[in-house]
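A look at the structure
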Amino acid sequence: MSHAKQGRPEAPSTLEIRNLKRDYTLRSGFARTTLHAVSDVSFTLEPGRTVALVGESGSGKSTVARIISRLENATGGQVLLDGVQAPNRGRALERYRSKVQMVFQDPFASLNPFHTILHHVERPLKIHNPHLSKKEITARAHELLERVQLTPSSRYADRRPHELSGGQRQRVAIARALAPGATYIVADEPVSMLDVSIRLGVLNLLADLQRSEGLGVLYITHDLATARHFSDEIMVMYRGAIVERGEPDSVILNPQHEYTRTLLDAAADPDRLGQLKAEVRAEGSFR
């Protein structure tokens, strides 16, 4: 019988947020007050799953995104990637960012207007893959553009951001986030600044990439309807805290917190709208 040691299976990857807090000190003359932007937020994100963080502007959800992306420091709590505290500087931070990337709300502001689309995708490839040749980097950049459905990639590579539509620019931002080999994508209101007609295409792209690439996606939004259809779990955030969480249908169809019910009342209900249109048609007055 062989006594050779069997290799242990690789532990599943996780991005864990523990008791996250972020306070800001506000000054007015000699007076100081403390704003609790994020209070004791905890959740886990795993590859192959989409978690939606839902709330109105000012609820603290974008602050959570910036802390996870290491663009801002927390006042308390931890961000753990595979059980290791996320770093704030140096090569360790570079390695962390190769696994955790952010897609920003404004696709125009997040891209440098002076550089080509190819440059935006090649740059993270160069930073995180210094061993690759220029030819290999360019080939991979074109592959990434094709993966986000900017085809043929040669049509877009030499353009600059202002020459693309908002939806195309956001696809470039997604390709750039994928370039380092990210396992987790933090998507901060990724379609809120896009035309309604193209939002669904970008969300479907993220959903397809999540499934095909096994990505863990934190989808930050104020829209409960898209959160229901594009996520595996919904967390509702109010005044810096998670006030409700659960499976999408459970949260939408049986909300427990008053704030969740308020969000639902303020949102358009496609089922209710369809029923209303049917009733109006039956009366013969629908145009």
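Just above, that's the structure.
About the criteria used
Numbering of residues starts from 1 in every chain and runs along the sequence as written. Restriction of local features to residues with pLDDT of at least 70 applies here, the model being predicted, together with a cutoff of 80 or more for giving and counting side-chain atom pairs; totals for whole chains, interfaces and linings are based on all residues. The side-chain figures draw on all heavy atoms in the structure; neither hydrogens nor water molecules are used. Each axis is a line fitted through C-alpha atoms, taken for helices only over the stretch in contact, and angles between the N-to-C directions span 0 to 180 degrees. Labels follow the DSSP assignment, with helices taken as runs of H or I lasting at least four residues and strands as runs of E lasting at least two, numbered in each case from the N terminus. When describing relative orientation, an angle under 35 degrees is termed roughly parallel and one over 145 degrees roughly antiparallel, while 65 to 115 degrees is termed roughly perpendicular and anything else oblique. Crossings are sorted by hand: turned counterclockwise from the far helix by less than a right angle, the near helix makes the crossing left-handed, and turned clockwise it makes it right-handed. Residue contacts are defined here by distance: any two heavy atoms, one from each residue, within 4.5 Å place the two residues in contact. Amino acid classes used here: Ala, Val, Leu, Ile, Met, Phe, Trp, Tyr, Cys and Pro are nonpolar; Asp, Glu, Lys and Arg are charged; the rest, including Gly, are polar. Among the buried residues, those of types Ala, Val, Leu, Ile, Met, Phe, Trp, Tyr and Cys that are joined through side-chain atoms within 4.5 Å form a nonpolar core. Only protein chains enter the accessibility calculation, which uses a 1.4 Å probe; a residue is then buried when its area is under 20% of its type maximum, exposed when over 50%, and partly exposed in between. The criterion for strand pairing is that DSSP finds at least two bridges linking the strands in question. Think of a salt bridge as a Lys or Arg side-chain nitrogen and an Asp or Glu carboxyl oxygen that are within 4 Å of each other. Expected helix span is taken as 1.5 Å per residue step, with the number of steps being one fewer than the number of residues.

What about the packing of helix H3 (residues 117-128) against helix H5 (residues 166-178)?
- Running from N to C, H3 and H5 point in directions that differ by 20°, and their axes come no closer than 8 Å. One finds that H3 runs roughly parallel with respect to H5. The handedness of the crossing between H3 and H5 is right-handed. Mapping the contact onto sequence places Ile117, His120, Val121 and Pro124 in H3 and Val172, Ala175 and Arg176 in H5.
- Its residues assigned to classes, the contact of H3 with H5 shows five nonpolar, one polar and one charged.

Some words on the nonpolar core
- Formed by 48 residues in total, the largest nonpolar core has its most connected members in Val148, Ile174, Leu178, Ile185 and Ile234.
- For Val148, the contacting residues outside a window of four places in its chain are Arg171, Ile174, Ala175, Leu178, Leu205 and Leu209.

Overview of the environment of Tyr24
- Relative to the helices and strands, Tyr24 resides in strand S1 (residues 15-28).
- Linking Tyr24 and Leu35, residues eleven residues apart in sequence, is a C-alpha distance of 5.0 Å.
- Sequence-distant contacts of Tyr24, that is, excluding residues within four places in its chain, are made with Thr33, Thr34, Leu35, Ala37, Thr63 and Glu72.

So, the sheet that holds strand S5 (residues 84-85)
- Pairing is antiparallel across the open sheet formed by four strands, whose spatial order is S2-S1-S4-S5. Every other strand in the sheet has two partners, leaving strand S2 (31-45) and S5 as the edge strands with one partner each.
- Examined bridge by bridge, S1 and strand S4 (residues 76-81) share five bridges and lie antiparallel to one another. Along S4, the bridge assignment pairs Leu15 with Leu81.
- Where helix H1 (residues 61-68) meets the sheet, its contacts fall on S1, S2 and S4, and the angle it forms with S1 comes to roughly 115°.

Some remarks on the pattern of salt bridges
- With the rule as written, the count across this model stands at eleven salt bridges.
- Two residues, Glu233 and Arg245, come together in a salt bridge whose shortest N-O distance is 3.6 Å. Residue Glu233 is found in strand S9 (residues 233-238), and its partner Arg245 is found in strand S10 (residues 241-246); the two are separated by twelve residues along the sequence.
- Owing to a relative accessible area of 19%, Glu233 belongs among the buried residues under this scheme.
- Bridged by salt links that share partners, the residues Arg22, Arg66 and Glu72 form one connected network.

Quick look at helix H6 (residues 196-213)
- Across its 18 residues, H6 extends 26 Å between first and last C-alpha, which sits within 8% of the 26 Å expected from 1.5 Å per residue.
- Looking at H6, one finds that the buried residues are Val202, Leu203, Leu205, Leu206, Ala207, Leu209 and Gln210.
- Residues of H6 that are buried make contact with strand S3 (50-54), helix H4 (134-147), H5, strand S7 (184-188), strand S8 (216-221) and helix H7 (224-230).
- The positive-phi residue at the C-terminal boundary of H6 is Gly214, with phi of around 70°.

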